Amino acid sequence: MDSVSAEIQSMSEPSLAGGLPELLLAVAGRVGCSDLEEVKAALTRAAFSQQSQVGAVISTGTVPENDFLHALADELGIQWREEEEVRPAENVRATFPARLALGFQILPEQGTEDPPVETGDTDGNAESRTPAETTLPLLVWDPFDLAAWQAVMHHHPGTVRVVMTTRRRLTEAVKSSYGVGAETFEELLEGRDEETLVEKEEVNVLDGEDPEASVMKFVNQILREGLQQGATDIHFEPLGHDLRIRYRIDGVLHEAPVPPRIRVLQDSVTSRLKIMASLDIAERRLPQDGRIALEHKGRPIDVRVATIPCVHGENVSLRLLGAEQFDFKRLGLEPGLERIIRGLIAIPNGIVLVTGPTGCGKSTSLYTFLSALNVKERRIVTIEDPVEHKIDGVIQIAVKPEIDLTFANALRSILRGDPNVVMIGEMRDRETVEIAIRAAQTGHLVFSTLHTNDAVGGITRLIDMGVEPFLVGSSVRAFLAQRLVRKLCPKCSKPTTVSPEELQREGFPMELLGGVRQPGGCQSCRQTGYAGRLAIMEICLMTPALQGLLQKRATGNELSEQAVRDGMIPLRNDGWRKVAMGLTSVEEVLRVTASDLAVLDE
Ligand SMILES: [Zn+2]
């Protein structure tokens, strides 16, 4: 180490003639590099293979990237931008070619003509500048990338003033400025002038050589980006003047940044998706459904594709399935609730019903229960509309009303095959409920869902359907109501600024006040303040007291009060427990527990 610090001392007047590797090594040492020998070796390899030497240092992982690049900027007298200060130039994709930005990870900065040249200017370019020339402020992470220099000089006749920031921030800024797949897109358009493109919008613009490969690459980039971001759906939506691509992440739609003029590729992209899903590409007037089998990071992804003809062209929606694991850990339930559920599903007969509006995660919970029960000794059969996720070892049937394969009919034939566990996608009619009750009473464990707001609402729904109260009381073991709340991003959540009085007005228990946090917004959560979701739940167990009330045809309120007396923790209170732990926000809990079903359904 001593010899290295001596080296650093002698580097106070850096000159590249002294050698770039020595300079980088010294800067690495100054920011606390953990293994200078490794850096040395990496620099040698990089020099030999003509790779970026700055990149080589960072890739060793022995220096903190930010500190290293910042120190390098200081050493070279180059202006530094912290990640949050990085502002790409306005309209950058019209003025600066994607090929340069994406190819070299560089980006013009927002801003500013430079002030008139003064003597003593420190950026070293002053003498070469005349007032007639414009200066391009250019964000880079590697100031020694000669190929980038050459390319930029070719593009920009004036002078260039380099500003440095981190590689990570630049990569991200370039992607959000130019859009996913922009490089491919530009390749596709290379050599075509604007007018032909506009005129030929109707026809396939990709008549050139090997266009299919490029569209394929572009579509793959969109899919890969979606999977990386944890999207559950991707929508391709023609708007007339533009093609919009949106990802659903944690239940919320986000518009994907896409290259400008992507509209010209609309038909090709649609066709490519239809070919992948084995759909009829000539059929553009009728909706079609298909599937694509993908693999991402070694895991199979089942993509369900639906096309819907609209005024501006075909909408294509992709649902990405199999990106999820079904385990209790992922549901994020209160330990007490998880224990109750594990107890419930361990009993070999009876009905367990999950209630809640569309999109509240009912299927995810049911698949979790089934996965927990899924062992060779058990025969598990599901009837679904449609089958949302395939589970190995489980027999899954999709209802087909057009050939009279309804929930009730399918259930009847399934029971003849003597399953241990049956899952019915939804109980919509009295016939289905009655068969399910018979199944439960003859030694089967039955799971299903009901479209009601709360747990006790499930009881009244069954009775409203005409099921005898004593049958409900004797066959249903529990009603679970659930919602999904978004989890606060752990990187940027902050203590709440809402006053205790206000929280109390919302019904928040004052004794839990300490840990309440609210969303911030950072790069890793795309400025939403949230990342991922967890389930909140209330469980109404069929107690003897409730069975008694059912016989007396008690009202929903009476049933609710009894359920709470018997230990049910209401949905919102379960939510408050998660708020108190800093896992989600007050607004999230209020949003998903608002009593109006219609609001939740959107
Ligand atoms: Zn965040």
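Computed from a predicted structure; not experimentally measured.

J.: Sorry, what's going on with the nonpolar core here?
T.: Grouped burial of nonpolar side chains is what soluble globular proteins tend to show. In this structure, Leu 24, Val 54, Phe 68, Phe 96 and Tyr 178 are the most contacted members of the largest nonpolar core, which totals 48 residues. A total of 6 residues in this core trace back to one element, the largest contributor, which is helix H2 (residues 20–30). Val 381, Ala 408, Met 427 and Phe 479 belong to the second-largest nonpolar core, a separate cluster that totals 42 residues.

J.: Help me understand the sheet that holds strand E13 (residues 395–398) in this model?
T.: Pairing between the strands of a sheet is mediated by backbone hydrogen bonds and can be parallel or antiparallel. Sheet architecture is open: 7 strands sit in the order E13-E12-E14-E15-E11-E16-E19, paired in mixed fashion. The strands lining the two open edges of the sheet, one partner per strand, are E13 and strand E19 (530–541). On average, adjacent strands in this sheet sit at an angle of 20° to one another, irrespective of strand direction. Examined bridge by bridge, strand E11 (residues 350–355) and strand E15 (residues 445–450) share 6 bridges and lie parallel to one another. Bridging across to E15, Gly 350 finds its partner in Leu 445. Against the sheet, helix H19 (residues 455–464) contacts E11, E15, strand E16 (476–488) and E19, and its axis sits at roughly 135° relative to E16.

J.: Teacher, can you tell me more about the packing of aromatic side chains here?
T.: Between two aromatic rings, the relevant description is the distance of the centres plus the angle of the planes. Per the stated rule, a full pass over the model turns up 4 aromatic pairs. Where Phe 326 meets Tyr 367, the ring centres are 5.2 Å apart and the plane angle is 35°; that geometry is what we call tilted. You can see Phe 326 sitting in the loop between strand E10 (313–321) and helix H14 (328–331) and its partner Tyr 367 sitting in helix H16 (residues 362–373), a full 41 residues away along the chain. Phe 326 sits in the buried class, given a relative accessible area of 15%. A relative accessible area of 1% means that Tyr 367 is categorised as buried. Aromatic pair Phe 369 and Phe 447: ring centres 5.8 Å apart, planes at 45°, arrangement tilted. Note that Phe 369 is positioned in helix H16 and Phe 447 in strand E15, a separation of 78 residues in sequence. The class of Phe 369 is buried, set by a relative accessible area of 0%. By relative accessible area, Phe 447 is classed as buried at 0%. Among the aromatic residues, those joined into a ring-pair cluster are Phe 328, Phe 369 and Phe 447.

The rules behind the values
Residues numbered from 1 in each chain as written. Predicted model: local features only at pLDDT ≥ 70, side-chain atom pairs only at ≥ 80, totals over all residues. Heavy atoms only, no water. Core = buried A, V, L, I, M, F, W, Y, C linked by side-chain atoms within 4.5 Å. Buried < 20%, exposed > 50% of the residue type's maximum accessible area, 1.4 Å probe, protein only. Helix = DSSP H or I, 4+ residues; strand = E, 2+ residues; numbered from the N terminus. Pairing = 2+ DSSP bridges. Axes fitted to C-alpha atoms, helices over the stretch in contact; angles between N-to-C directions. Contact = heavy atoms within 4.5 Å. Phe/Tyr/Trp six-rings, centres within 6.5 Å; stacked < 30°, edge-to-face > 60°.

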